[in-house]
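Summary of structural features
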2 protein chains.
Amino acid sequence: MTTDIQIARTARKLPIVDIAARLGLGEGDILRYGADKAKIAHHALNGLTDRPRGHLVLVTAINPTPAGEGKTTTTVGLGDALNRIGKRTTICIREASLGPNFGMKGGAAGGGHAQIVPMEEMNLHFTGDFHAITAAHNLLAAMIDNHIYWGNDLDIDTRRITWRRVMDMNDRALRDIVVGLGGVSNGFSRQTGFDITVASEVMAILCLAHDLDDLHARLGRIVVAYTRDRRPVTARDLRADGAMTVLLRDALQPNLVQTLENNPALVHGGPFANIAHGCNSVIATDTALRLSDYVVTEAGFGADLGAEKFLDIKCRLAGLAPAAAVLVATVRALKMNGGVAREDLGTENVAAVVRGCANLGRHLENLRGFGLPVTVALNHFLGDSAAEIAAVQDYCARHGSTAILCQHWARGGAGAEELARRVVDMVEGGGADFRTLYPDSMSLWQKIETICTRIYRAAHVEALSGVRAQLDLWEEGGHGHLPVCIAKTQYSFSTDPDLRGAPEGHVIPVREVRLNAGAGFVVAICGEIMTMPGLPRHPAAETIGLNDMGQIEGLF
Amino acid sequence: MTTDIQIARTARKLPIVDIAARLGLGEGDILRYGADKAKIAHHALNGLTDRPRGHLVLVTAINPTPAGEGKTTTTVGLGDALNRIGKRTTICIREASLGPNFGMKGGAAGGGHAQIVPMEEMNLHFTGDFHAITAAHNLLAAMIDNHIYWGNDLDIDTRRITWRRVMDMNDRALRDIVVGLGGVSNGFSRQTGFDITVASEVMAILCLAHDLDDLHARLGRIVVAYTRDRRPVTARDLRADGAMTVLLRDALQPNLVQTLENNPALVHGGPFANIAHGCNSVIATDTALRLSDYVVTEAGFGADLGAEKFLDIKCRLAGLAPAAAVLVATVRALKMNGGVAREDLGTENVAAVVRGCANLGRHLENLRGFGLPVTVALNHFLGDSAAEIAAVQDYCARHGSTAILCQHWARGGAGAEELARRVVDMVEGGGADFRTLYPDSMSLWQKIETICTRIYRAAHVEALSGVRAQLDLWEEGGHGHLPVCIAKTQYSFSTDPDLRGAPEGHVIPVREVRLNAGAGFVVAICGEIMTMPGLPRHPAAETIGLNDMGQIEGLF
């Protein structure tokens, strides 16, 4: 079988200026990074703000399982298919994080014949956005310790510094460290640590900023520490916001690449989907909408986490209104949701598929609650049986939706034309009446309860010690209007990753809350969330290298 | 007065493809980074290896003082002047480090009307080379702790890990840290620290590698730790060398930019000039030589440190033979070398100039010892008096050289034409008979003694406890053939930074030695060397920001 990288390497890429031309952008509107990557320049972005926006389509999925759903693959396939049927469509997805590629093998952007290229660069430094975020984040960290070193005029309580450092690397030894050892000239010792760059609030900010001014303002609002009498200390108090903006100036410009079928894709930003909102940048989505009839984008994890955050955080803060949603499922993943073990996925099991459809049905219901027309994309795997496929289609028909069999993995855009036509019908039918789940005015705790009970279907939400008091303090401090971002396992509607299907009546414990005043949301942590991964016993790095032709081996 | 940044902003830059065309490179030979930066692609580099090399001219200087010498300015001015008189000339200099720009104001590449642009990008992320080096360095660090975590098959002694981590940021709190706290899942605790990225051995390796294969081999030879029985553990033992090469693949390609007069400049690599060799990359210099009649390059600090390392490390390892050297001096710096305080530099003082010329004379002598014809470039400052200038010219004439007054700062290449003609005379006169200071076969300790006595004119070199034994061990381990890189204050021939002029008879203590088996040199540390700077009380970052026109303010 041909692998993703083999297919990607035989792609007949067009020069990136030709892809830009398809968006109506001239050579002067872009900054090229080699032959097949570019950024859309700030001055070109500024010229777009008066244009009308096209239609926004969200691709989301059932709860992820080790069987794989192919959400990005479907996003790319749908984008290619829409272009095939005459709709000028741009795809918007997240950038990959460099570090994890040296642990497990790096990912393609999509798969099979529905991919975005150049895959190698996108898995490595790409256009340097994440490096810029790392630098901006760590400049702020250095300025905190430097402020304390030179006298601590702001009276920062060194026990209450919440701003850690970041690195785009899987390095467990940096999770928990003591800095400032070695004597007077190295500063005051204290305990802190590193997160991976995608977990940085700067990443979330870059992805939610409308423009450079908004970026600057958000960076200034970052709360990095508290004083002994619990007053927040911000990046602006430290006068770090201007320099951070300068470091991020180029990174804020969205990256233009292409699909295997030479359709435009903006790949920009990559916040965590648990402690952050998990979508590509607002600026990329907005730019694509102003340059296209249709924009196909996706959100991290399943619809319970990803779509909810996309809608309640990104769309709310950016004033976006999606016109339709596509819910991706596979027979294999439905079987796992129906209780089948991974090693038994090869055996036909219609009953398990039907049981697993409960998960799909729950997501359909939730998405309709946001006022969105939804169709199901059944991403075809070669081993799916006709009876299993029919079972999913039957389930969807009985639940007021349609399951469309998609073969973009094998056939590219041609394999998703039926899905594309269905999406156009939904969009042009005008069935969308988008509404967020909760209003800004609701209290922070009520927002948490609303998400947990209405989306996750919990019976009860439990606040661990100090959580409610902390939320009250932030409301007094003027942060009560912010939306809430729940950090929770992506494998279940509950906090138990093994509880597949459509559980209800569970209890969700809120262990800790964090304020992202710059990004503009409050994080509620429900369960263990890892913000700095480690490398496995035999990291992929051990087998990565250049072959005799100078091509990269072992990364994919 | 017009500042460097004001002059740089009004530059009439040519599209970088036009600059490439001046080198005979087509659009397919370069990778563009925006309109005014590019990398010369590996495939184009591979096509050059059979071409003859042009003439290499080294620009070096007297010992630096706070008065400034203008070495880079002279390098640029000479390059522009050579182009003006009809010699196809390329300039090669180092890249700037990002982090320090947020401490003190960032530097221009050159000054006045002799600059390389785009200045802003070159002071920020540029083409991402330093970020790639940071990533490669820290991947290796993560793989060391990961190896220990999973069982430590190589029996690494955690007390004897010499490989630290790096960040391109001035962050004193990271100099001395403890990692691996927090329990079993975070690994084994140990004390370590961060250096600034330019101090990384990976930086030195990138700057000494001939091509990707050589880069790979050098990375594999890095010694990161020792076992309990003192056997070295290398990056290859950890199987990190392939992935590090992949991370550095793009960074190894030299960066093409231009002077204010639209002449080509390769700005590539930036190793420290104390614990490393302080020159731009071999690959940039070699590429420039194969594409030009003349290449003008410079070395870090004064000629005692910079030129010696350029000649004994870079030229030795790369098989380069310079055709001439230019020694930069200013009346002001000579006055300081003659004992004048900084605040008195505005007053004419011919006697001090003459006393300070002892420093210049010593460097002239040393450079001639390498078999190079040398001329003195007297970089003109507006306050220099005619009598002071005449004193320098007279000194040089009496010491078998010529001091040529240069006005490139005020007038660009036109102000350095006389210097250019003198350089052409030296080169075409064929007076060069380049020889290194010592042969490979000399023992490591003798190499140290030779540099200290013949270049620094020390009476005696003192090895602190353990140094000689360590050198013996490395010689037994097969590293005895390596050249030596002395880390010492740049302000004096001695290890006392206040001892200006031409001291002799001093003692040089060798405090510590380090093996850079990958880069290919042994470092001898004589005095305190800082490898992670701190930020000042009011870092430049506090006033850096974007103005209303989106331009960067406060960085320069």
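Residues numbered from 1 in each chain as written. Chains lettered and ligands numbered in written order. Predicted model: local features only at pLDDT ≥ 70, side-chain atom pairs only at ≥ 80, totals over all residues. Heavy atoms only, no water.

To be explicit about the condition: UniProt positions are given in the numbering used here, feature names are shortened, and annotations may be inferred rather than shown by experiment.
As named in an unreviewed UniProt entry, chain A is Formate--tetrahydrofolate ligase, taken from Paracoccus subflavus. Chain A has a UniProt comment under Catalytic activity (unreviewed entry) that states "(6S)-5,6,7,8-tetrahydrofolate + formate + ATP = (6R)-10-formyltetrahydrofolate + ADP + phosphate". In the Pathway (unreviewed entry) part of its UniProt record, chain A is described as follows: "One-carbon metabolism; tetrahydrofolate interconversion."

**Points about the overall build of chain A**
As a reminder of what qualifies: Secondary structure elements are defined from DSSP: runs of H or I of at least 4 residues count as helices, runs of E of at least 2 residues count as strands, and each element is numbered from the N terminus. Radius of gyration means the value over C-alpha atoms here, while the globule rule gives 2.2 Å times the residue count to the 0.38 power. In this scheme, a residue with accessible area under 20% of its type's maximum is buried, one over 50% is exposed, and one in between is partly exposed, where area comes from a 1.4 Å probe on protein chains only. Residues count as neighbours in contact if any of their non-hydrogen atoms are within 4.5 Å of one another. Accessible surface area values rest on a Shrake-Rupley calculation with a 1.4 Å probe, where residue burial reflects the displayed protein chains alone. Note that His is not counted, nor are the chain ends; the positive residues are Lys and Arg, and the negative ones are Asp and Glu. A single reference atom marks each charge: NZ on Lys, CZ on Arg, CG on Asp, CD on Glu.
Across its full length, chain A carries 18 helices and 26 strands. The C-alpha atoms of chain A give a radius of gyration of 23 Å, which matches the 24 Å a tight globule of 556 residues would have. Within chain A, the fraction of its 556 residues that count as buried is 65%. For chain A, the proportion of contacts with a sequence separation of at least 24, taken over those separated by at least 6, is 75%. A total of about 18,600 Å² of accessible surface is found on chain A, and carbon and sulfur atoms cover 48% of it. In chain A, which carries 54 positive and 61 negative side-chain charges, the distance between the mean positions of the two groups comes to 1 Å.

**Considering the interface of chain A and chain B**
Defined as follows: Computed with a 1.4 Å rolling probe, the buried area is the accessible surface lost when two parts are put together, summed over both parts. One side-chain nitrogen of Lys or Arg within 4 Å of one carboxyl oxygen of Asp or Glu is enough to make a salt bridge.
Counting residues at the interface gives 64 residues for chain A, matched by 64 residues for chain B. Roughly 5,600 Å² is buried in total at the junction of chain A and chain B, and carbon and sulfur atoms are behind 64% of that figure. When residues of chain A are sorted by the area they lose upon contact with chain B, Trp150(A), Arg172(A) and Val246(A) head the list and together hold 11% of the total. Summed over the shared surface of chain A and chain B, the number is six salt bridges.

**Brief notes about the sheet that holds strand 24 (residues 521-525) of chain A**
In sheet architecture, strand pairing relies on hydrogen bonds along the backbone and comes in two forms, parallel and antiparallel. Residues and elements named next belong to chain A. Going by this rule: Only when DSSP finds a minimum of two bridges between them are two strands counted as paired. The convention used is that axes are lines fitted to C-alpha atoms, helices contributing only their stretch in contact, and that angles between N-to-C directions extend from 0 to 180 degrees.
Here we have three strands laid out as an open sheet, ordered 21-24-23, and mixed in their pairing. Every interior strand has two partners, whereas the edge strands, strand 21 (484-487) and strand 23 (512-516), have only one. Shown here is a sheet whose adjacent strand axes are inclined to one another by a mean of 20 degrees, direction ignored. Two strands pair when backbone bridges link them, and strand 21 and strand 24 are joined in this way by four bridges, in the parallel orientation. If you follow Ala487 over to strand 24, its bridge partner there is Ile525.

**Comments concerning the nonpolar core**
Note the following rule: The nonpolar core is taken to be a set of buried Ala, Val, Leu, Ile, Met, Phe, Trp, Tyr and Cys residues, with the residues joined through side-chain atoms within 4.5 Å.
With 325 residues, the main nonpolar core has Leu360(A) and Leu360(B) as its most contacted residues. What Leu360(A) contacts, discounting residues up to four positions off in sequence, is Ile62(A), Leu327(A), Ala329(A), Leu334(A), Val376(A), Val392(A), Tyr395(A) and Cys396(A).

**Section: the pattern of salt bridges**
Tallied over the entire structure, the rule returns 67 salt bridges over all chains. Note that Glu542(A) is salt-bridged to Arg239(B), the shortest N-O span being 3.8 Å. Here the residue Glu542(A) occupies a position in the loop between strand 24 and strand 25 (545-546), and Arg239(B) occupies one in the loop between strand 13 (232-234) and helix 9 (241-248), the pair thus bridging two chains. Looking at Arg239(B), the relative accessible area reads 41%, which means it is partly exposed. Asp214(B) is the partner of Arg218(B) in a salt bridge, and the nearest nitrogen-oxygen pair spans 3.0 Å. Of the two residues, Arg218(B) and Asp214(B) are both situated in helix 8 (residues 212-221); the distance of four residues between them amounts to about one turn of the helix.

**A word on the side chain of Thr450(B)**
Residue and element names in this part refer to chain B. Here is the rule: Counted as a polar contact is a pair of N or O atoms within 3.5 Å, where, for protein atoms, one must be capable of donating a hydrogen and the other of accepting one, and residues adjacent in sequence contribute only when both atoms are in side chains.
Its place among the elements puts Thr450 in helix 17 (residues 444-455). Judged by relative accessible area, which is 10%, Thr450 ranks as buried. For Thr450, the side chain forms a polar contact with the main-chain oxygen of Gln446, separated by 2.6 Å. Beyond its immediate chain neighbours, meaning those up to four positions away, Thr450 contacts Leu437, Tyr438, Met442 and Ile455.

**Side note on the environment of Arg422(B)**
Residues and elements named next belong to chain B. With respect to the helices and strands, the residue Arg422 is situated in helix 16 (residues 417-428). Taking the relative accessible area as the measure of exposure, Arg422 reaches 27% and is therefore partly exposed. Residues Arg422 and Thr402, spaced 20 residues apart in sequence, show a C-alpha to C-alpha distance of 9.1 Å. Setting aside chain neighbours within four positions, we find Arg422 in contact with Thr375, Thr402 and Ile404.

**Digging into the relation of the copies chain A and chain B**
Quick note on the threshold: When the copies are superposed, the least-squares fit draws on C-alpha atoms of residues that have pLDDT of at least 70 in both.
Overlaying chain A on chain B yields an RMSD of 0.0 Å, the required transformation being a rotation through 180 degrees with an accompanying axial translation of 0.0 Å. Interpreted geometrically, this transformation is the action of a two-fold axis. Take the interface residues of chain A: 100% of them recur as interface residues in chain B, which is what a same-surface contact looks like.

**Let's talk about the UniProt feature "binding site: ATP" (unreviewed entry) in chain A**
Residues and elements named next belong to chain A. When the UniProt feature table is mapped onto this chain, "binding site: ATP" (unreviewed entry) is found at Thr65, Pro66, Ala67, Gly68, Glu69, Gly70, Lys71 and Thr72. Mapped onto the fold, Thr65 is located in the loop between strand 3 (55-61) and helix 4 (71-84). Taking relative accessible area as the criterion, Thr65 reaches 7% and is therefore assigned buried. Residues contacting Thr65, with those up to four places away along its chain left out, are Ala333, Met336, Asn337 and Arg500. Tracing the sequence through the fold places Lys71 in helix 4. We classify Lys71 as buried; its relative accessible area is 13%. Apart from the residues within four sequence positions on either side, Lys71 is in contact with Val59, Thr60, Ala61, Glu298, Ala299, Gly300, Phe301 and Val328.

**Considerations on the environment of Val57(A)**
Residues and elements named next belong to chain A. In this structure, Val57 sits in strand 3. Accessibility expressed as a relative area gives 0% for Val57, which makes it buried. For Val57 and Gly99, which are 42 residues apart along the polypeptide, the C-alpha to C-alpha distance reads 30 Å. When residues no more than four places from it in sequence are discounted, the contact partners of Val57 are Leu78, Tyr294, Val295, Val296, Thr297, Ala324, Val326, Val423 and Val427.

**Structural notes on the packing of aromatic side chains**
Definition in use: In this scheme Phe, Tyr and Trp rings, the latter by its six-membered ring, pair at centre separations within 6.5 Å, and the angle between planes marks the pair as stacked below 30 degrees, edge-to-face above 60, and tilted otherwise. In our convention, an over-ring charge means Lys NZ or Arg CZ found within 6 Å of a ring centre and within 35 degrees of that ring's normal.
A full pass over the atoms with the stated rule returns four aromatic pairs over all chains. For the pair Phe194(A) and Phe194(B), a centre-to-centre distance of 5.4 Å together with 5 degrees between the ring planes defines the contact as stacked. Note that Phe194(A) is positioned in strand 11 (residues 194-196) and Phe194(B) in strand 11 (residues 194-196), a pairing that runs across two chains. Residue classification places Phe194(A) among the buried residues on the basis of a relative accessible area of 0%. Ring geometry for Tyr149(B) and Trp150(B): centres 5.2 Å apart, planes at 85 degrees, overall edge-to-face. Tyr149(B) sits in the partly exposed class, given a relative accessible area of 25%. Taking the relative accessible area as the measure of exposure, Trp150(B) reaches 29% and is therefore partly exposed. Cation over ring: Arg362(A) sits above Phe493(A), and NZ or CZ is 4.9 Å from the ring centre. The ring of Tyr456(A) has Lys488(A) lying over it, and the distance from NZ or CZ to the ring centre is 4.7 Å.

**Overview of the packing of helix 13 (residues 350-369) of chain A against helix 14 (residues 386-398) of chain A**
All names here are of chain A. Condition: By definition, turning the near helix anticlockwise from the far helix through less than a right angle yields a left-handed crossing, and turning it clockwise yields a right-handed one. Classes in brief: Ala, Val, Leu, Ile, Met, Phe, Trp, Tyr, Cys and Pro nonpolar; Asp, Glu, Lys and Arg charged; the others, Gly included, polar.
Where helix 13 contacts helix 14, the two axes come as close as 9 Å, and the packing angle between them is 35 degrees. Crossing handedness for the pair helix 13 and helix 14: right-handed. For the pair helix 13 and helix 14, contact is made by Val350, Val353, Val354, Cys357, Ala358, Leu360 and Gly361 and by Ala387, Glu388, Ala391, Val392, Tyr395 and Cys396, respectively. Among the residues making up the contact of helix 13 with helix 14, the classes are represented as eleven nonpolar, one polar and one charged.

**Side note on unusual backbone geometry**
Residue Val117(A) is joined to Pro118(A) through a cis peptide bond whose omega torsion reads 5 degrees. Following the sequence through the fold, Pro118(A) ends up in the loop between strand 6 (114-117) and helix 5 (119-123). Although it is not a glycine, Arg457(A) adopts a positive phi angle of roughly 60 degrees. Among the secondary structure elements, Arg457(A) is positioned in the loop between helix 17 (444-455) and strand 20 (460-463). Notably, Arg239(B) is not glycine yet its phi reads approximately 60 degrees, a positive angle.

**Quick notes on the domain arrangement of chain A**
All names here are of chain A. Defined as follows: Boundaries between domains were set according to an automatic or database domain assignment.
Here chain A is described as being made up of domain 1 (4-127 + 251-428), domain 2 (132-240) and domain 3 (444-526). Spacing between the C-alpha centres of domain 1 and domain 2 amounts to 34 Å. Each partner contributes to the roughly 1,700 Å² buried at the junction of domain 1 and domain 2, and carbon and sulfur atoms together form 72% of this total. In terms of surface lost to domain 2, no three residues of domain 1 exceed Leu252, Phe272 and Leu317, which account for 27% of the buried area on that side. Counting across the interface, domain 1 meets domain 2 through zero salt bridges. Counting the contacts that link domain 1 with domain 2 gives five residue pairs in polar contact (both at pLDDT 80 or more).

**Observations regarding the sheet that holds strand 13 (residues 232-234) of chain A**
Residue and element names in this part refer to chain A. With antiparallel pairing, the three strands of this open sheet are ordered in space as 7-12-13. What marks the edges here is a single partner per strand, and that holds for strand 7 (156-161) and strand 13. Each strand axis lies, on average, 50 degrees off the axis of its neighbour in the sheet, ignoring direction. Note: strand 7 against strand 12 (residues 223-227), two bridges, orientation antiparallel. Bridge assignment links Ile161 to a residue of strand 12, and that residue is Ala225. Its contacts with the sheet put helix 6 (residues 129-149) on strand 7 and strand 12, and the angle it makes with strand 7 is roughly 135 degrees.

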